[in-house]
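Listed below, chain by chain, are the residues.
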Amino acid sequence: MAIILDGKALAKSIVKEVKTQVNAMAEPPGLAVVIVGDNPASRVYVNNKKKDCQACGIVSTEYALPEDVGESKLLALIDELNQSKDVHGILVQLPLPEGYDVQKIIQAISPLKDVDAFHMLNVGRIFNGDYSFLPCTPAGVIELLDYYNIDPKGKHCVVVGHSNIVGKPMAMMLLHRHATVTVCHIHTADLGFHTRQADILVCAVGKIGLITGDMVKPGAVVVDVGINRRDDGSMCGDVDFEAVSQVASHITPVPGGVGPMTRAMLMRNTVMAAN
Ligand code: NAP
């Protein structure tokens, strides 16, 4: 049975650390959370972020806008938040409702307040290895690997999924850690051939049961970023946990793995933005 990479416990200790840092600051950091429309999943994420802020002593302010608020009013709000001295971090909850130009909105956020690290300037800095903010999910994965003394250096890391917010920055960050990196996506022929080569396998797709036991090399480290809902409403990742945990040396559970780490990294980025 694989060792569980316990993101929940590690995140708890990071939140505690962040709280100590916040307590030592003259003014608490401020995080503006912008949500447009009433996507139920987004609402849960925003509520969780507000709870995390409260636990750390970060002042979170929610800006809940109706779905039809329109791009110009949203951009005006971002401009106002960019200017505000009390706001150190700005987060626009994604996905935005249909009709919004997501890139236009993200690029309007000041790169100095871009705690999600989605702004092009921050993305480019990650590419160069000269960064301040890191995107929360891949940063959380690296933090988890570090905590369990899993060094990507010289390892073959296979990342499944190549989104701008998870897969691509994950691959880049593993490359900065001197791993040999393969990135797979929907057009990858014979996914199993690639995943079986992985010493460290990171899956970020959003498909239940995508990674089965026979797709994992014995002794591999398996990180499951996926968040899916089964028909009964319960949460699971992309990896067949029961089967893969018999083959892998280490594995993240869902829930309790990468999710809480992502949330903890946002708190850390917000403190960084205020310093
Ligand atoms: P996304 O933007 O939908 O990207 C999914 C990626 O998977 C795309 O690159 C897609 O390739 C690829 N893909 C789709 N089907 C595939 C297949 N059968 N084989 C190989 N690759 C395939 O999603 P995302 O935002 O990166 O998120 C991925 C998953 O992680 C979701 O379940 C999301 O909920 C979860 N997530 C979790 C956290 C966390 O904190 N734990 C944070 C963020 C996201 P194409 O683009 O070529 O179609």
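Values in this document were obtained by computation on a predicted structure and should not be read as measured data. (Residues numbered from 1 in each chain as written. Predicted model: local features only at pLDDT ≥ 70, side-chain atom pairs only at ≥ 80, totals over all residues. Heavy atoms only, no water.)

**Student:** In this structure, what is going on with the overall build of the protein? I would like to understand it.
**Tutor:** Counting secondary structure elements, the protein contains ten helices and eleven strands. Relative to the compact-globule value of 19 Å for 275 residues, the protein shows a C-alpha radius of gyration of 19 Å, a close match. Dimensions along the principal axes, computed over C-alpha positions, put the protein at roughly 50 × 45 × 40 Å. Counting every position in the protein, which comprises 275 residues, the buried fraction comes to 49%. Residue pairs in contact within the protein that sit at least 24 positions apart in sequence constitute 69% of those at least 6 positions apart. Just so you have it, the protein exposes about 13200 Å², and 55% of that area is on carbon and sulfur atoms. Averaging the coordinates of the 24 positive side-chain charges in the protein and doing the same for the 29 negative ones gives two points 5 Å apart. (Helix = DSSP H or I, 4+ residues; strand = E, 2+ residues; numbered from the N terminus. Rg over C-alpha atoms; globule rule 2.2 N^0.38 Å. Buried < 20%, exposed > 50% of the residue type's maximum accessible area, 1.4 Å probe, protein only. Contact = heavy atoms within 4.5 Å. Areas by Shrake-Rupley, 256 points an atom, 1.4 Å probe, with all protein chains shown as cover. Lys, Arg positive; Asp, Glu negative; His and termini not counted. Charge placed at Lys NZ, Arg CZ, Asp CG, Glu CD.)

**Student:** Whenever I open this one, the packing of helix α1 (residues 7–23) against helix α10 (residues 258–274) confuses me. Can you help?
**Tutor:** In a packed pair of helices, the relevant descriptors are the angle between the two axes and the axis-to-axis distance. Interaxial distance between α1 and α10 falls to 8 Å at its minimum, and their mutual angle equals 15°. Taken as axis vectors, α1 and α10 run roughly parallel relative to one another. Taken as a pair, α1 and α10 cross one another with a handedness that is left-handed. Listed contacts from α10 to G7, K8, L10, A11, I14, V15, E17, V18, Q21 and V22 of α1 are P260, M261, A264, M265, M267, R268 and V271. (Axes fitted to C-alpha atoms, helices over the stretch in contact; angles between N-to-C directions. Parallel < 35°, antiparallel > 145°, perpendicular 65-115°, else oblique. Left-handed = near helix turned anticlockwise from the far one by under 90°.)

**Student:** How should I be thinking about the pattern of salt bridges in this particular structure?
**Tutor:** A full pass over the atoms with the stated rule returns nine salt bridges. Among the ionic pairs, E17 bridges to R268, the shortest N-O distance being 3.4 Å. Separated by 251 residues along the polypeptide, E17 in helix α1 and R268 in helix α10 bring together distant segments of the chain. Taking relative accessible area as the criterion, R268 reaches 24% and is therefore assigned partly exposed. (Salt bridge = Lys/Arg side-chain N within 4 Å of Asp/Glu carboxyl O.)

**Student:** Please clarify how the site of the ligand should be interpreted in this entry.
**Tutor:** Every one of the 20 residues lining the ligand counts as a neighbour, but H162, S163, I186, K207 and T262 are closest to it. In the model, an oxygen atom of the ligand is placed 2.7 Å from a nitrogen or oxygen of the H162 main chain. Between the ligand and V225, the relevant distance is 3.3 Å, taken from a nitrogen atom to a main-chain nitrogen or oxygen of the residue. Coverage of the ligand by the protein amounts to 71% of the 920 Å² it exposes when considered alone. With three residues, the single largest contributor to the shell around the ligand is α10. In terms of residue class, the shell around the ligand is built from ten nonpolar, nine polar and one charged. (Near = heavy atom within 4 Å. Polar contact = N/O pair within 3.5 Å; in protein donor to acceptor, adjacent residues only side chain to side chain. Nonpolar A, V, L, I, M, F, W, Y, C, P; charged D, E, K, R; others polar.)

**Student:** Mind showing me how you'd approach helix α6 (residues 136–147) here?
**Tutor:** Since one α-helical turn is 3.6 residues long, residues separated by three or four positions face the same way. For α6, spanning twelve residues, the distance from its first C-alpha to its last is 16 Å, which sits close to the expected 16 Å at 1.5 Å a residue. Counting buried residues along α6, nine of its twelve residues qualify, which places the element largely inside the surrounding structure. Along α6, the positions that sit buried rather than exposed are C136, T137, P138, A139, G140, V141, I142, L144 and L145. Contacts made by the buried residues of α6 are with α1, α7 (167–176), β8 (221–224) and α10. (Expected span 1.5 Å × (residues − 1).)

**Student:** How should I be thinking about the environment of V221 in this particular structure?
**Tutor:** Looking at where V221 falls in the secondary structure, it is placed in strand β8. We classify V221 as buried; its relative accessible area is 6%. Once the C-alpha coordinates of V221 and A248 are considered, the two residues, 27 residues apart in sequence, prove to be 5.9 Å apart. The residues contacting V221, other than those within four sequence positions of it, are L5, L145, I150, D199, I200, L201, S249 and H250.

**Student:** Sorry if this is basic, but what is going on with the nonpolar core here?
**Tutor:** Taken as a class, soluble globular proteins show a tendency for nonpolar side chains to be buried jointly. Grouped together as the largest cluster of nonpolar side chains are 51 residues, with contacts concentrated most on V18, L31, I58, L174, V223, V225 and M267. It is α10 that contributes the most residues to this core, eight residues altogether. Residues in contact with V225, not counting those within four places in the same chain, are T137, V141, V166, V202, C203, A204 and V258. (Core = buried A, V, L, I, M, F, W, Y, C linked by side-chain atoms within 4.5 Å.)

**Student:** Sorry, what's going on with the sheet that holds strand β11 (residues 250–251) here?
**Tutor:** The strands making up a sheet associate through hydrogen bonds between their backbones, and the pairing can be parallel or antiparallel. Within the open sheet, the six strands sit side by side as β1-β11-β8-β7-β5-β6. Their pairing is parallel. Each edge of the open sheet is held by one strand with a lone partner, namely β1 (3–4) and β6 (180–184). (Pairing = 2+ DSSP bridges.)

**Student:** Got a minute to help me understand unusual backbone geometry in this structure?
**Tutor:** Trans peptide bonds make up most of the peptide bonds, and negative phi angles are found at most residues other than glycine. For the bond from L94 to P95, the omega torsion is 0°, close enough to zero to count as cis. Examined against the element boundaries, P95 turns out to sit in the loop between β4 (89–92) and α4 (102–108). Even without glycine at this site, N149 takes up a positive phi of about 55°. Note on placement: N149 falls in the loop between α6 and β5 (156–160). Residue classification places N149 among the exposed residues on the basis of a relative accessible area of 70%.

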